[in-house]
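Structural characterization, general
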Amino acid sequence: MPVESLPEFTKAARQRWESIPAEIRQRLLANVWCGRCGHETTITNFSGSLKGSDLLLVGKCAECHGDVARVIEGA
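Residues numbered from 1 in each chain as written. Predicted model: local features only at pLDDT ≥ 70, side-chain atom pairs only at ≥ 80, totals over all residues. Heavy atoms only, no water.

Our focus in this paragraph is the pairing of strand β6 (residues 67–72). Judged by which residues are buried, β6 turns out to be one-sided: V68, R70 and I72 face inward and are buried, whereas D67, A69 and V71, on the alternate face, are not. Bridge count for strand β5 (residues 54–61) against β6 is 6 bridges, and the pairing is antiparallel. The residue of β6 that forms the bridge with K60 is D67. Between the antiparallel neighbours β5 and β6 lie 5 residues, among them H65 with a positive phi of about 65°. (Buried < 20%, exposed > 50% of the residue type's maximum accessible area, 1.4 Å probe, protein only. Helix = DSSP H or I, 4+ residues; strand = E, 2+ residues; numbered from the N terminus. Pairing = 2+ DSSP bridges.)

Right under this line is the structure:
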């Protein structure tokens, strides 16, 4: 997946994101639901923050460029 720009993360969110193995991170980015397209897509132009113990990625659908989000539950 080409990187259009480096994602913006809060410090804590970046630490959590980087603790996930690279292979798993790529799978998470490629498995995001788009309500507008009605199917799985890839998230692009995303940012990350922690909401409680969960990592929240907010960005755009690779196909329609609509808003999408991915929650990665914390421990």
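Moving on: the sheet that holds strand β4 (residues 43–51). Whenever strands of a sheet pair, they do so through backbone hydrogen bonds, lying parallel or antiparallel. Taken in spatial order, the 4 strands of this open sheet run β1-β4-β5-β6, and their pairing is mixed. Each having just a single partner strand, β1 (8–9) and β6 make up the two edges of the open sheet.

Remember that the coordinates give geometry; whether it matters functionally is a separate question.
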